[in-house]
Amino acid sequence: MAEYAIRTHHLSRIFGSVHAVDDLSLEVPAGMVFGFLGANGAGKTTTIHLLLGLLEPTAGQATVLGFDSRTQADQIRARTGSLLEFNGLYERMSAEDNLDLYGRIYHLSAADRQARAKELLTHLGLWDRRKDQVGTWSRGMKQKLAVARALFHRPPLIFLDEPTSGFDPLAAATLRDDLATLVKREGATVFLNTHNLAEAERLCALVGVIRQGKLLALGNPDELRFKQGGPQAEIVGRGFTNDLLARLSERPEVASAELQNGHLLLGLRGESEVGPLVSLIVRNGGEVEEVRKGAASLEDVFLTLMEEEHA
Amino acid sequence: MSDIWTIMWKEWKDSLFQGWRAWIRPGLLIGILGIIWPVLGKSAWMDLSVIQMVVILFFTFFVIISIVADSIAGERERHTLGTLLASRISDRAILLGKVTIVALYGWGIMVVGLFLGALVSNLADWQGQFVFYPIDMVLFTLLLGLLVGALGTILGVLISLRMATVRQAQQTLMIGTIVLGVAVIGLVQLLPKDFFTTFTLDEILLMAAGLVAVLDVLLLGFTLARFQRAKLILS
């Protein structure tokens, strides 16, 4: 397999006056889960369509599994599995038939189709309901089946477009766990579109953040946290006046100081000690009940990037 | 070829024979062609006149356009088209698979109705021996049924490519069928007066079959050219 599962070079797609994907250059190494983070309408789905050769780029190029998306799209689609924005299941057919259809499309033998359906449906806890019409299933079950369909022919690259979108937290966590286990077991590269940051943190080894078609940041979640967020301290207590915030902001180790829901949030530079800052707060009349120190979450990074770009 | 067969299998499982409702349309056509008219017409039904043939073809066409709208517009409405297009299957296999299964389905219903009609007519009005349709007329009905069925299917797919919902596609197809019917009648009236005396009935039917076959090929070529992934994804 190619060293990079996906490479794009100044890839762009314009619809009228809208730059859906704007000068996107990206490299996704083979065998990892890549998270493509962005708000709704950021250009994530268009990127998948371009990578699958379903849309022609306006400019630039994309290579997927070593094949050019413009001229060798058939080769790409023959080697990838997809779960797009809709699950794409035939609701009047049974789960078994839905998988069988895609097994036939990818020319799997009858015996292989049967064995693979049993393997995946059993793993996802759907085997007992395999004869049911999919239309009678819950949304979570359908989505699991759609994941199974994307993996069915053992593709080396899988595109997942918002697989847990619209799910309650419990169902989303269950599907995420199933996804993580299956992806690890299959050893495939995964291109995961999501606006769910917990999902990206849980599953992805590499993350790209996109806004209005432009790639704002690329790196593993730890790198992004360090580059964009840095360490931070959250202080619970009382008496956090504006004067105190101004004094804290003047300190060289403090990158930012703000109040959030009555809690004092301090963005720190480098590996700063919190002790001297707590002393400063107390000396200036503040009361400290609890201090929590930690790294910025991916959500903080994402929001910072969005704000920076907006500003 | 195996991809076309896969799409035919999918259409059969997903659309054509799903639950008891799927039997209403074929049941209705088979009931009319195979039971009601032969019982009412008795032995005269076995003449299989040109008018009978036209009515049979019209019913076949009608059944086909009522189901073919589901083929593309239905997939788009139910959000299954995108996933199918993201798979390895070719545009051509999707289109030809859909056209073939619907045309064969409509034609199959017509054949069952026609042969059941012969049986019922004989039972309703026994002539002392089994009477069958004139062989040339039954062969022309089978041939024209296939060609007209294919025409309805291709037209249906072509129209449903541009429609967002099944309902829109069905309404457009109904209007299109009326326009087509009027056009055919108009065309027949434009023919020279001695046309029907110059040629035999078999020759005229052969010409009609040739004309419909040419139309089928032209429309299929046009539809294949229009059936492109990028356009379908964007629509």
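Residues numbered from 1 in each chain as written. Chains lettered and ligands numbered in written order. Predicted model: local features only at pLDDT ≥ 70, side-chain atom pairs only at ≥ 80, totals over all residues. Heavy atoms only, no water.

S.K.: Tell me what's going on with the interface of chain B and chain A, and back it up with residues and numbers.
M.R.: Contacts between chain B and chain A engage 27 residues on the former and 27 residues on the latter. Between chain B and chain A lies a buried interface of about 2500 Å² when both sides are counted; carbon and sulfur atoms form 63% of it. Summed over the three residues of chain B that lose the most area to chain A, namely B:W9, B:T83 and B:R88, the buried surface amounts to 26% of that side. On the surface where chain B and chain A come into contact, there are 3 salt bridges. Among the ionic pairs, A:D97 bridges to B:K13, the shortest N-O distance being 3.2 Å. Between chain B and chain A we count 10 residue pairs in polar contact (both at pLDDT 80 or more) in total. (Contact = heavy atoms within 4.5 Å. Buried area = accessible area lost by both parts, 1.4 Å probe. Salt bridge = Lys/Arg side-chain N within 4 Å of Asp/Glu carboxyl O. Polar contact = N/O pair within 3.5 Å; in protein donor to acceptor, adjacent residues only side chain to side chain.)

S.K.: Please give an account of the packing of aromatic side chains that cites residues and values.
M.R.: By the definition in use, this model includes 12 aromatic pairs over all chains. When the ring of B:F195 is compared with that of B:F196, the centres are 5.3 Å apart and the planes differ by 85 degrees; the resulting orientation is edge-to-face. Owing to a relative accessible area of 15%, B:F195 belongs among the buried residues under this scheme. According to the relative accessible area criterion, B:F196 is partly exposed, its value standing at 48%. Every member of this aromatic cluster is reached through a ring pair, and the members are B:W37, B:W45, B:F58, B:F59 and B:F62. Over the ring of B:W9 we find A:R104; its NZ or CZ atom is 4.0 Å from the centre of that ring. Geometry around A:Y102 places A:R149 over its ring, the cationic atom sitting 5.3 Å from the centre. (Phe/Tyr/Trp six-rings, centres within 6.5 Å; stacked < 30°, edge-to-face > 60°. Buried < 20%, exposed > 50% of the residue type's maximum accessible area, 1.4 Å probe, protein only. Lys NZ or Arg CZ within 6 Å of the ring centre and 35° of its normal.)

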